[in-house]
Amino acid sequence: MVKVQLFVTCLVDSFFPEVGEAVVDVLERHGCTVEFPFDQTCCGQPAFNVGYHDQAREMAQHTIEVLDATEGTIVVPSGSCADMMINHTPELFDGNDELRGAAERVSARVKEFSSFLVDELGITDAGAVCAGRTATYHPSCHGFRNLGIRVQPETLLDHVSGLERVDLPDAETCCGFGGLFSVELPEVSASIMSTKLTNVEATGANLLVGVDVSCLMHLAGGLRRRGSTIEVKHIAEVLNGEPAS
Amino acid sequence: MVPVAFIDRARKGLGSPGVAALNTGSRRMMSHRLTAVEEFPSMDSMRDRAREIRLYSLAHLDELLARFTDEVEAQGGHVFFAADGEEAIGYIRRLAERENVGRIVKSKSMVTEEIHLNDALEAGEFEVVETDLGEFIIQLSGDTPSHIIAPVMHKTRQDVGRLFADKLDVEYTDDPQELNGIARSHLRQIFLDADMGISGCNVAIAESGTVSLVTNEGNGRLTTTAPRVHVAIMGMERIVPTLGDAAVILEVLARSATGQKLSVYTSLITGPRRPEEPDGPDEFHVVILDNGRSRVLGGDTAEILACIRCGACLNVCPVYREAGGHAYGFTYSGPIGAVLVPSLLGLEDWHDLPYASSLCGACLDACPVRIDLPELLLRLRRDAVAQGYPPPGLERVIGWYAGLATRPALWRTALRAAGLGSKVLGRKGWISSLPGKGAAWTDHRDLPRPATRPFHARWKERNGGT
């Protein structure tokens, strides 16, 4: 059995707990013992990205203390939060050797969910069934550009029985979410989103899949506002069997 | 605190025909770049080399500029160091007066846009004519550039046709070839009558005192050879040590900018006309501009000075493409502008520019010298907060959120409360209208309702605690 720690992220915790449950189900089905450090909250990325380093540091310190007391790979169902924890959290503790050391220990254990399945567990076929659906995959920017996550989720989707995956035109362009960017520059965010959704619709897919619920929340909200029937799912939900519709 | 202006300017651009034209144009340039990069397997190692050259040059700026100055002077040219725009303008104006200059022609130069040189010279009763087609159109229409290498990206050929018919007394046409021809014949005599030519400088070469200029129109060559006096103006960071180094920069520059192997005209200008040469200016002056660059060099956005002004980061930037170049409010737009402008001019007036990015990172992918633009934007945001210029209202929200996120029991209670409390806001799990700041979300998209049973609660039920 492989012991893993689930860092579920604040958005999954509060808005999409079913994604967290799907992550646990899939990991358990593939031989993992999943632990959930119960005092976890938020990695601090929302504050960090808008320049509030003091507040980000407080949140990051809490996260590090909770996770450093555990063992095993820390699985995160978000490329963006994983990127924060891997590429930014340690630098917040420059000048404090003890915390910087702890941050580096934690950061070395962090892995985004889909890349954990493929790169560490060696799974390409998760044994999932999703009959009669056509899906397109949006590679969210931080996971894709900063952690190289793209081929892993696409491979997993390609092996879902009954699911056809179609390429998203201009897939590598941002969806316009960008965290607080989405409410600080709402019209610009919405305009970028609109371009993305037009591309999603052009694929003819009836399912949009990603590895970040943040971008997916923004895109799902936009699709719903457009009156679209395209469903939006985190990859864990797709890999956990037949998506409820 | 000044009102946040980026969003106000962006609102004017969003969905407008001008920005639609710019969006199409920048996507076309992006795809040209991708093709050029694909065809050139050594591009990645060439980018590494270009980055090394640029960082080396920034680290040795003082000695390189001293060497460059010695070489220019040895060739019979003159070098003037301008601390700011005012000094640069003063020097050029005095020179023009001394040389009895009437008409001045210019080839494209962003640094002259940065210091608003044209306005100052025209106020001094000199006639100034832009000769780059894009800049000529900008000047004729009283506009400002929207892209650092394609200044009229925001205009359609119909716009240009109407402008020419109106200002140049010609028949309306929107045929690009004919429009080119009209500009060409209009400008030809102006070149011949000009007393002074002002050019920019893409790369300056320290070992030989050479100024290099890349254009695709040939106007740069006329500007620098036909008039009696040639003034090249350059940002002080635009220098590299050797001709070989310049060759590397020019190679990645053309591919990244327009997808060309090399621009149509690449001019290397060393000194004024020599006695045995038939063409060229009698006087050659180089104005080296600081205008905030020394300060940037000492700060933690110094890497931005490695920029070679190719515009690739603009073309790939979703914010630039949707909001348009004018949304940035200054000569330099897109990701490079969002970092360079507040770095040069200070955050007090430009603190909203670092926030004009979703931090998607496409700019870093595209940059030929691998400037970590997202990282520099993050540093400027940190500085904006530290200097007291955060986006309005954010401080309270972040503080409140951090307070919850560092108190796990309170966090869990708050999530449950949000789930239960939001029941009143949305039916079927979605909220379509929120008051206050929340409207920034719901004006454009629905919001899922926070879960009544957050993951923490579900985990507890699933595993009986811990």
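Refer to the structure printed above.
I will try to describe carefully the structure that is included in this document. (Residues numbered from 1 in each chain as written. Chains lettered and ligands numbered in written order. Predicted model: local features only at pLDDT ≥ 70, side-chain atom pairs only at ≥ 80, totals over all residues. Heavy atoms only, no water.)

### A look at empty space enclosed by the protein
Residues and elements named next belong to chain B. Counting across every chain of the model gives six cavities of 30 Å³ or more. In this structure, the largest cavity occupies an estimated 110 Å³ of space. Together, 15 residues line the largest cavity, and Cys 307, Cys 310, Cys 313, Cys 367 and Pro 368 are the ones closest to its centre. When the residues that make up the lining of the largest cavity are grouped by side-chain class, the tally is 13 nonpolar, one polar and one charged. Quantified by volume, the second largest cavity comes out at close to 80 Å³. (1 Å grid on protein atoms, 1.4 Å probe; cavity = no way out; pocket = protein on both sides within 12 Å on 5 of 7 lines; lining within 4 Å. Points joined across faces, edges and corners; volume = space filled by probe spheres on them. Nonpolar A, V, L, I, M, F, W, Y, C, P; charged D, E, K, R; others polar.)

### Focus: the sheet that holds strand S5 (residues 129-137) of chain A
All names here are of chain A. Ordered by their spatial adjacency, four strands build an open sheet running S6-S5-S7-S8, and the pairing between neighbours is parallel. Looking at strand neighbours, the two that pair on one side only are strand S6 (161-166) and strand S8 (231-234), the edges of this open sheet. For this sheet the average axis-to-axis angle between neighbouring strands, irrespective of direction, equals 35°. Of the pairings in the sheet, the one linking strand S7 (residues 207-210) to S8 comprises four bridges and is parallel in character. Across the sheet, Leu 208 pairs through a bridge with Val 232, a residue of S8. Relative to S8, helix H12 (residues 213-226) is tilted by about 170°, and along the sheet it contacts S7 and S8. (Pairing = 2+ DSSP bridges. Helix = DSSP H or I, 4+ residues; strand = E, 2+ residues; numbered from the N terminus. Axes fitted to C-alpha atoms, helices over the stretch in contact; angles between N-to-C directions. Contact = heavy atoms within 4.5 Å.)

### Examining the environment of Thr 41 of chain A
Here Thr 41 of chain A shows up in the loop between strand S2 (32-35) and helix H3 (45-49). A relative accessible area of 1% places Thr 41 of chain A in the buried class. Thr 41 of chain A has contacts with Phe 7, Thr 9, Cys 10 and His 62 of chain A together with Leu 404, Ala 405, Pro 408 and Trp 411 of chain B, leaving out every residue within four places of it along the chain. From its side chain, Thr 41 of chain A meets the backbone oxygen of Ala 405 of chain B in a polar contact 2.5 Å long. (Buried < 20%, exposed > 50% of the residue type's maximum accessible area, 1.4 Å probe, protein only. Polar contact = N/O pair within 3.5 Å; in protein donor to acceptor, adjacent residues only side chain to side chain.)

### Concerning the packing of aromatic side chains
Evaluation of the coordinates by the stated rule reveals 13 aromatic pairs over all chains. Between Phe 36 of chain A and Phe 455 of chain B, the aromatic rings sit 4.9 Å apart at their centres with planes inclined by 75°, giving edge-to-face as the arrangement. On the criterion of chain membership, the pair formed by Phe 36 of chain A in the loop between S2 and H3 and Phe 455 of chain B in helix H23 (residues 455-463) is interchain, its members lying in two chains. Overall, Phe 455 of chain B belongs to the buried group, its relative accessible area being 1%. Ring centres of Tyr 320 of chain B and Tyr 328 of chain B lie 6.3 Å apart, and the angle between their planes is 35°; this geometry places the pair in the tilted category. Both residues of the pair, Tyr 320 of chain B and Tyr 328 of chain B, count as buried. Members of the aromatic cluster, each reached through a chain of ring pairs, are Phe 36 and Phe 38 of chain A together with Phe 455 and Trp 459 of chain B. A cation over an aromatic ring shows up here: Arg 445 of chain B above the ring of Trp 441 of chain B, its NZ or CZ 4.4 Å from the ring centre. (Phe/Tyr/Trp six-rings, centres within 6.5 Å; stacked < 30°, edge-to-face > 60°. Lys NZ or Arg CZ within 6 Å of the ring centre and 35° of its normal.)

### Re helix H16 (residues 334-345) of chain B
Between the first and last C-alpha of H16 of chain B there are 16 Å, a value that for twelve residues agrees with the 16 Å anticipated at 1.5 Å per step. Taken together, the buried positions of H16 of chain B are occupied by Gly 334, Pro 335, Ile 336, Gly 337, Ala 338, Val 339, Leu 340, Val 341, Pro 342, Ser 343 and Leu 344 of chain B. (Expected span 1.5 Å × (residues − 1).)

### Overview of the packing of helix H2 (residues 17-29) of chain A against H23 of chain B
Two numbers describe how H2 of chain A lies on H23 of chain B: the axes approach to 8 Å, and their chain directions differ by 40°. Of the possible angle classes, the one that applies to H2 of chain A and H23 of chain B is oblique. Classified by chirality, the crossing of H23 of chain B by H2 of chain A is right-handed. The residues of H23 of chain B that touch H2 of chain A, namely those facing Pro 17, Glu 18, Gly 20, Glu 21, Val 24, Asp 25 and Glu 28 of chain A, are Phe 455, Arg 458, Trp 459 and Arg 462 of chain B. (Parallel < 35°, antiparallel > 145°, perpendicular 65-115°, else oblique. Left-handed = near helix turned anticlockwise from the far one by under 90°.)

### Considering the nonpolar core
Residues Val 188 of chain A together with Phe 6, Ile 92, Met 196, Ile 304 and Tyr 328 of chain B are the most contacted members of the largest nonpolar core, which totals 137 residues. With sequence-adjacent residues up to four places away left out, Ile 92 of chain B is seen in contact with Leu 117, Leu 121, Met 196, Ile 198, Val 231, Ile 233 and Val 287 of chain B. Membership of the second largest hydrophobic core comes to 61 residues, among which are Val 34, Val 118, Val 213 and Met 217 of chain A. (Core = buried A, V, L, I, M, F, W, Y, C linked by side-chain atoms within 4.5 Å.)

### Some words on the environment of Arg 33 of chain B
All names here are of chain B. Topologically, Arg 33 is positioned in helix H2 (residues 17-38). With 156 residues separating them along the chain, Arg 33 and Gln 189 place their C-alpha atoms 35 Å apart. Leaving out residues up to four positions away in the same chain, Arg 33 has contacts with Arg 255, Ser 256, Gly 259, Ala 312, Val 316 and Ala 366.

### Let's talk about the pairing of strand S2 (residues 103-106) of chain B
Residues and elements named next belong to chain B. Burial of the side chains of S2 extends over both faces: Arg 103 and Val 105 are buried on one face and Ile 104 and Lys 106 on the other. With four bridges joining them, S2 and strand S3 (residues 127-130) adopt parallel strand pairing. The partner of Ile 104 across the bridge, within S3, is Val 128. Pairing analysis gives three bridges linking S2 to strand S4 (residues 196-199), with the strands arranged parallel. Paired with Val 105 across the two strands is Gly 197, which belongs to S4.

### A closer look at the sheet that holds strand S9 (residues 265-269) of chain B
All names here are of chain B. Reading across from one edge, S8-S5-S6-S9 is the order of the four strands in this open sheet, with mixed pairing throughout. Of all the strands in the sheet, the pair left with one neighbour each is strand S8 (239-240) and S9. Here strand S5 (residues 203-205) runs beside S8; their pairing, made up of two bridges, is parallel. Paired with Ile 205 across the two strands is Val 240, which belongs to S8.

### So, the interface of chain A and chain B
Note on interface size: it is often stated as the accessible area lost on association of the parts. Counting residues at the interface gives 67 residues for chain A, matched by 62 residues for chain B. Of the roughly 5800 Å² buried between chain A and chain B on both sides combined, carbon and sulfur atoms contribute 64%. At the boundary of chain A and chain B, one finds ten salt bridges. Salt-bridge contacts for Lys 437 of chain B lead to Glu 184 of chain A; the nearest nitrogen and oxygen are separated by 3.7 Å. The interface formed by chain A and chain B includes 30 residue pairs in polar contact (both at pLDDT 80 or more). The greatest single-element share of the side of chain A that touches chain B, amounting to nine residues, is contributed by helix H11 (residues 186-202) of chain A. Among the residues forming the side of chain A that touches chain B, the class breakdown is 32 nonpolar, 20 polar and 15 charged. (Buried area = accessible area lost by both parts, 1.4 Å probe. Salt bridge = Lys/Arg side-chain N within 4 Å of Asp/Glu carboxyl O.)

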